[in-house]
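# Report on the structure
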Amino acid sequence: MDIIIQTLTATVVVYLIAIVLDAPKKTLPYAALTGAAGWFVYLLAGSESSVVFSTFIASCVIAFLAHVFSRVSEAPTTVFLISALYPFVPGTSVYRAVYSLIGNDLEAFKFYALQSILISGAIATAVFAIDSIFIIHGKIKKYHSVEEQRANTI
Amino acid sequence: MEDEQNLYLKTAVLAGEILIKSNAEAYRVEDTVRHILNRADFNSCNVVALTTGLYTTVEVNDNEPVTMIRRISSRSVNLYRIARVNDVSREIVSGTTDIKDAYEKLINLKSSEYAPYTKDIAGFLFILMIVLLFNGSFTDVLMNIPAAVTVTIISNICSKYNTNAFVADFISGFLVAVIVTAINALIPLTIAADILIIACIMPLVPGTALTNGVRDIFRGDYTSGFAKLLEAIMIALFIALGIGSGLLLVQEVLGWIL
């Protein structure tokens, strides 16, 4: 039950941040849906693994949906990607790092500073992986269509 | 150079300029400019998009090179403009719009689909909702209203006077830290102060610069990728500085009073 409420909250959150970032009106529902799916997966994966890993899985889902929706609604991938990834940006870790630095707790500072770098890395790697899959898919499709044309002309 | 070719070059450079200003990825800028230029009969065209500038050179039929450079000094995310430029460039490439209309469309491109206050309200509600998302209670949401209003007003003022982005981040971080810790100390309710502060800085954190920077680097656009990553690190540092000095100040003042 908690997961459902959280997912609904994430939907609203991503819808709002998409407006702040000036996303076109027709793309707002898709962006919100992408964010909701990402947060849902994040919660599912989060119960038994580290934050970094669940962020990675959630970002993969978001990147994949962003590519799908960019084809459906004919808007650039960035529109969905940036809005939906917003709740995952490591604001929490950055804050806790600063907080422990002020409290002179260097061990905690190191831990949270490293965690924020790892979370950004996880988001980046996930986006890159899904991007690559779609680029390679596009190249294979192009190659085959060229081959077909050549076969037809002969 | 013929008039029409000239218009193609102007349109392409304008499209690229709008994209860089809206914080699009470097490969998207270069692809868009190149696609538009390919419609005109230039012997060759070369485009380099950096985060701070756009460099375009074309070679016209009689072997005279023409170069256009745009210096871009301020950028802010605007997904609407990215999407619209994308639409217009597709229309040019598919031939459904002629180049004159396309140029007019780009010149008259709106900066937003929303009224200014809609964006402010959305930003305000975003901060409150993110408290809930990070497992805050309803008391936390109510207690976060003063800080959320402050952040919204500051970002509004700073975008109005076009101040340096770092200044806005520092001031917001500082005020949020002061307001939230003050409320936490003065009001006898249990408040998750850390969640409140984190929620307020979430609209400021450099999510876009980070994501696009890494996408650029992975595509081999090292210059613009690292520029964006550096921007992300700088923003994060300034927010951290603001929060840090705010927390320290309140600690000192409270220790002095109590």
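Residues numbered from 1 in each chain as written. Chains lettered and ligands numbered in written order. Predicted model: local features only at pLDDT ≥ 70, side-chain atom pairs only at ≥ 80, totals over all residues. Heavy atoms only, no water.

On to the interface of chain B and chain A, then. Between chain B and chain A, the contact holds 48 residues from the first and 41 residues from the second. Of all residues in chain B, Leu79, Tyr114 and Leu133 of chain B bury the most surface against chain A, accounting for 17% of the area lost on that side. We note a salt bridge from aspartate 131 of chain A to arginine 215 of chain B, for which the minimum N-O separation is 2.9 Å. Secondary-structure elements contributing two or more residues to the side of chain B that touches chain A are α3 (79-94), α5 (116-133), α9 (193-201), α10 (207-218) and α11 (222-257) of chain B. The element contributing the most residues to the side of chain B that touches chain A is α5 of chain B, with 10 residues. The residue makeup of the side of chain B that touches chain A, split by class, is 27 nonpolar, 13 polar and eight charged. (Contact = heavy atoms within 4.5 Å. Buried area = accessible area lost by both parts, 1.4 Å probe. Salt bridge = Lys/Arg side-chain N within 4 Å of Asp/Glu carboxyl O. Helix = DSSP H or I, 4+ residues; strand = E, 2+ residues; numbered from the N terminus. Nonpolar A, V, L, I, M, F, W, Y, C, P; charged D, E, K, R; others polar.)

Attention now moves to the packing of helix α3 (residues 51-73) of chain A against helix α6 (residues 106-153) of chain A. All names here are of chain A. One can describe the packing of α3 onto α6 by two numbers: an axis separation of 8 Å at closest approach and a directional angle of 35 degrees. α3 and α6 meet at a crossing whose hand is right-handed. Seen from α3, the contacting residues are Val51, Val52, Thr55, Phe56, Ser59, Cys60, Ala63, Phe64, His67 and Arg71; seen from α6, they are Gln115, Leu118, Ile119, Ala122, Ile123, Thr125, Ala126, Val127, Ile130, Asp131 and Phe134. For the contact of α3 with α6, the class distribution of residues is 14 nonpolar, five polar and two charged. (Axes fitted to C-alpha atoms, helices over the stretch in contact; angles between N-to-C directions. Left-handed = near helix turned anticlockwise from the far one by under 90°.)

Let us look at the confidence of the model for chain B. Any region with low pLDDT has predicted coordinates that should not be read closely. Within chain B, residue pLDDT values average 87, and 100% of them lie at 70 or more. For this predicted complex, the interface score ipTM comes out at 0.87, while the overall pTM is 0.88. (pLDDT = per-residue confidence, 0-100.)

All names here are of chain B. Where like charges cluster on the molecular surface, the negative patch consists of Glu2, Asp3, Glu4, Asp41, Asp98, Asp101 and Glu104. Elements supplying a minimum of two residues to the negative patch: α1 (3-21) and α4 (99-107). By secondary structure assignment, the location of aspartate 101 is in helix α4. (Patch = residues over 30% accessible without salt bridge, like charges linked within 9 Å, V, L, I, M, F, W, Y side chains within 5 Å. Areas by Shrake-Rupley, 256 points an atom, 1.4 Å probe, with all protein chains shown as cover. Lys, Arg positive; Asp, Glu negative; His and termini not counted. Charge placed at Lys NZ, Arg CZ, Asp CG, Glu CD.)

The next point concerns the pattern of salt bridges. One pass over the structure, following the stated rule, counts 14 salt bridges over all chains. The closest approach of N and O atoms between lysine 119 of chain B and aspartate 22 of chain A, which form a salt bridge, is 3.0 Å. Linking lysine 119 of chain B in helix α5 with aspartate 22 of chain A in the loop between α1 (2-20) and α2 (28-46), this pair reaches from one chain into another. Overall, lysine 119 of chain B belongs to the partly exposed group, its relative accessible area being 25%. Its relative accessible area of 3% is what places aspartate 22 of chain A among the buried residues. Note that lysine 110 of chain A and glutamate 107 of chain A form a salt bridge whose closest N and O atoms lie 3.5 Å from each other. Placement of the pair is lysine 110 of chain A and glutamate 107 of chain A together in helix α6, with a separation of three residues, close to one helical turn. Here the residues in one salt-bridge network are Asp131 of chain A together with Glu25, Arg28 and Arg215 of chain B, joined through shared partners. (Buried < 20%, exposed > 50% of the residue type's maximum accessible area, 1.4 Å probe, protein only.)

Residue and element names in this part refer to chain B. For α4, every residue scored as buried is listed here: Ile99, Ala102, Tyr103 and Leu106. Take α4 and look down its axis: the buried residues cluster within an arc of 100 degrees, on one side only. Looking at the packing, one finds that the buried side of α4 touches α1 and α3. (Arc of directions from axis to C-beta.)

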